[in-house]
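Architecture and fold: a report
Below are the chains, spelled out letter by letter.
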Amino acid sequence: MKVTPALDPEHGSSVITKYGVLGVIIGIPRPPELLPVIPKYVLCSESLWSRGASAFCRVLERYGPLGVSGTLARIGFNEILDGIYNSPMPYVRLSDVIEIVKPREALSRVLAKPVNDLHYELLDLLAFLSKNGVDMDNVGLIGSLAVGIENVEVSDLDLVVYGLENAEITYRLFTSMAKPSFTPVKEFGGLVVEPAVSIGWRRAQFRRFIVGWAGVPGVGELCKPLKSYFNIDSPVKPVEVTVYVERGQPSALAYPPCVVSSDGIYIVSFEYNVGALLYRGGTFRVRGLASESLNTIYIATRELPGYIELLTG
């Protein structure tokens, strides 16, 4: 069964604006006529990434809250103050968008006419995933390959998988084939994680290329604090709490990772790489921005990246 994404355009969709910015859509509820976007490339005269006569220079040097902030400052991106998120947000107006590439559409285009080594490697990758239980109806393509600016020497294969069930299958597959080739990381653009965590659960070597994936929630699968834009449990004040999170909550594996503690507090991370940590559960010390009711704590915001520390697993 094909899962319908909870948000449209879904997380990982690419947009190109009339100002020459190529960015990726963040899968969070949004106000009407605005798209939350992380800029990744801008039009330039010469680059490793190109499509036809258009070259795109990469401007996003690293992900995470401080990485995004640095990118926005470097390219002079004008943010829009959002009273519900209580933050300036990197919104793009729909009226300024000249192209939106959704992941399933991008995958269909490449499958219909593969033309380079990266495309053929993608075909083999999809066959491998399908053989190991990943539902191909619920897979999409993102990244440079999705918009046709890939370079076979430097580009990765990046996928999204739709629905929490498919995300769990993909997680188990990547975890089973993970190798200690990725150095554990303890800081993601300002968010501190203790102890350091490996990203091998979502990135792996497949033949010549690195392949990565992210989960996209289906209809009805967005976590409670983010069910709809006008009912978001807004982040307003810094807190530090210790909570116990039961292991195996599949909502930890879709963007943004979200789990609920034993005492009913939701933990939402805008940094996807900690999803596996939350999925595995345990007792955590968390610092972030809480809602007025203290029912939700957000980590990896630009206002307060915060930290998450695993005390006992």
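Nothing here was measured: the structure is a model prediction, and the numbers come from that model. In this convention, every chain numbers its residues from 1, walking through the sequence in written order. At least 70 in pLDDT is required for a residue's local features to be given in this predicted model, at least 80 for side-chain atom pairs to be given and counted, and no such filter applies to totals for whole chains, interfaces and linings, which use all residues. Each side-chain value is worked out from all heavy atoms of the structure, with water and hydrogens disregarded.

1. Section: empty space enclosed by the protein
Of the two site types, the cavity is a set of points on a 1 Å grid over the protein atoms alone where a 1.4 Å probe fits but cannot get out, and the pocket is an open set with protein on both sides within 12 Å along at least five of seven lines, each lined by residues with an atom within 4 Å of a point. Grid points are joined across faces, edges and corners, and a volume is the space filled by probe spheres set on the points. Inspection of the entire model under this criterion finds three cavities of 30 Å³ or more. Pro-217, Glu-221, Leu-222, Cys-223, Leu-226, Ser-251, Ala-254, Tyr-255, Pro-256 and Cys-258 are the residues that line the largest cavity. The nonpolar class holds Ala, Val, Leu, Ile, Met, Phe, Trp, Tyr, Cys and Pro. Asp, Glu, Lys and Arg form the charged class, and all remaining residues, Gly among them, are polar. Tallied by class, the residues present in the lining of the largest cavity amount to eight nonpolar, one polar and one charged.

2. A look at the pairing of strand 14 (residues 203–206)
Strand direction decides the pairing type here: strand 14 and strand 15 (residues 209–216), joined by four bridges, are antiparallel. Paired with Arg-203 across the two strands is Gly-212, which belongs to strand 15. Paired strands, in this sense, are two strands between which DSSP finds at least two bridges. Helix and strand assignments come from DSSP, with helices taken as H or I runs of at least 4 residues and strands as E runs of at least 2, each series counted from the N terminus. Where strand 14 hands over to strand 15, the hairpin turn is made up of two residues, of which Arg-207 adopts a positive phi near 55°.

3. Some points on the packing of aromatic side chains
A pair of aromatic rings is counted whenever rings of Phe, Tyr or Trp (Trp by its six-membered ring) have centres within 6.5 Å, and the orientation is called stacked for planes under 30 degrees apart, edge-to-face for over 60 and tilted otherwise. Taken as a whole and assessed by the stated rule, the structure comprises 12 aromatic pairs. By the ring-pair criterion, three or more aromatic residues cluster together here, those being Tyr-171, Phe-174, Trp-201, Trp-213, Tyr-255, Tyr-272 and Tyr-279. Lysine NZ or arginine CZ positioned within 6 Å of the ring centre and within 35 degrees of the ring normal marks a charge as sitting over the ring. Taking NZ or CZ as reference, Arg-58 lies 5.8 Å from the ring centre of Tyr-41, over its face. Here the guanidinium or amino end of Arg-104 rests over the ring plane of Tyr-162, the centre of that ring lying 3.9 Å away.

4. Quick notes on the environment of Glu-303
The residue Glu-303 is located in the loop between strand 20 (296–299) and strand 21 (307–312) in this model. Each residue gets one of three labels from its accessible area relative to the maximum for its type: buried under 20%, exposed over 50%, partly exposed in between, using a 1.4 Å probe on protein chains only. Taking relative accessible area as the criterion, Glu-303 reaches 41% and is therefore assigned partly exposed. Each C-alpha atom, one on Glu-303 and one on Thr-175, is 32 Å from the other, the two residues being 128 residues apart in sequence. For Glu-303, the residues in contact, after removing those within four places along its chain, are Ser-87, Pro-88 and Leu-289. The contact definition used throughout considers only heavy atoms, calling two residues in contact when any of these lie within 4.5 Å.

5. Considerations on the state of the cysteines
Count a disulfide wherever a pair of cysteine sulfur atoms falls within 2.5 Å. One pass over the full model with this rule turns up two disulfides. Shown here is the disulfide that connects Cys-44 with Cys-57, its sulfur atoms set 2.2 Å apart. Between Cys-44 and Cys-57, the disulfide has an S-S torsion of 90° and is therefore right-handed. On the criterion of sequence distance, the pair formed by Cys-44 in strand 3 (residues 34–44) and Cys-57 in strand 5 (residues 54–58) is long-range, its members being 13 residues apart. A sulfur-sulfur separation of 2.5 Å characterises the disulfide bridge that pairs Cys-223 with Cys-258. Across the disulfide from Cys-223 to Cys-258, rotation about the S-S bond amounts to roughly 95°, and the bridge is consequently right-handed. Note that Cys-223 is positioned in the loop between strand 15 and strand 16 (235–245) and Cys-258 in strand 17 (residues 258–260), a separation of 35 residues in sequence. When sorted by exposure, Cys-223 lands in the same class as Cys-258, which is buried. Here the cysteine-cysteine linkages of the protein are recorded as 1-2, 3-4, numbering only bonded cysteines and doing so in sequence order.

6. Remarks on the environment of Ile-25
With respect to the secondary-structure elements, Ile-25 resides in strand 2 (residues 21–25). When its relative accessible area of 3% is taken as the criterion, Ile-25 is described as buried.

7. Focus on helix 2 (residues 103–112)
The set of residues buried in helix 2 consists of Pro-103, Arg-104, Ala-106, Leu-107 and Val-110. Projected down its long axis, helix 2 carries its buried residues within an arc of 160°, all on one side. Packed against the buried residues of helix 2 are strand 9 (97–101), helix 3 (117–131), strand 10 (139–142) and strand 11 (157–162). Taking the helix axis as origin, the arc is that swept by the directions to the C-beta atoms.

8. A look at the nonpolar core
Only buried Ala, Val, Leu, Ile, Met, Phe, Trp, Tyr and Cys residues count toward a nonpolar core, and they belong to the same one when joined by side-chain atoms within 4.5 Å. In this structure, Leu-122 and Leu-141 are the most contacted members of the largest nonpolar core, which totals 90 residues. Once you skip the residues sitting within four places of it in the chain, Leu-141 turns out to touch Pro-103, Ala-106, Leu-107, Val-110, Leu-122, Ala-146, Asp-158 and Leu-159.

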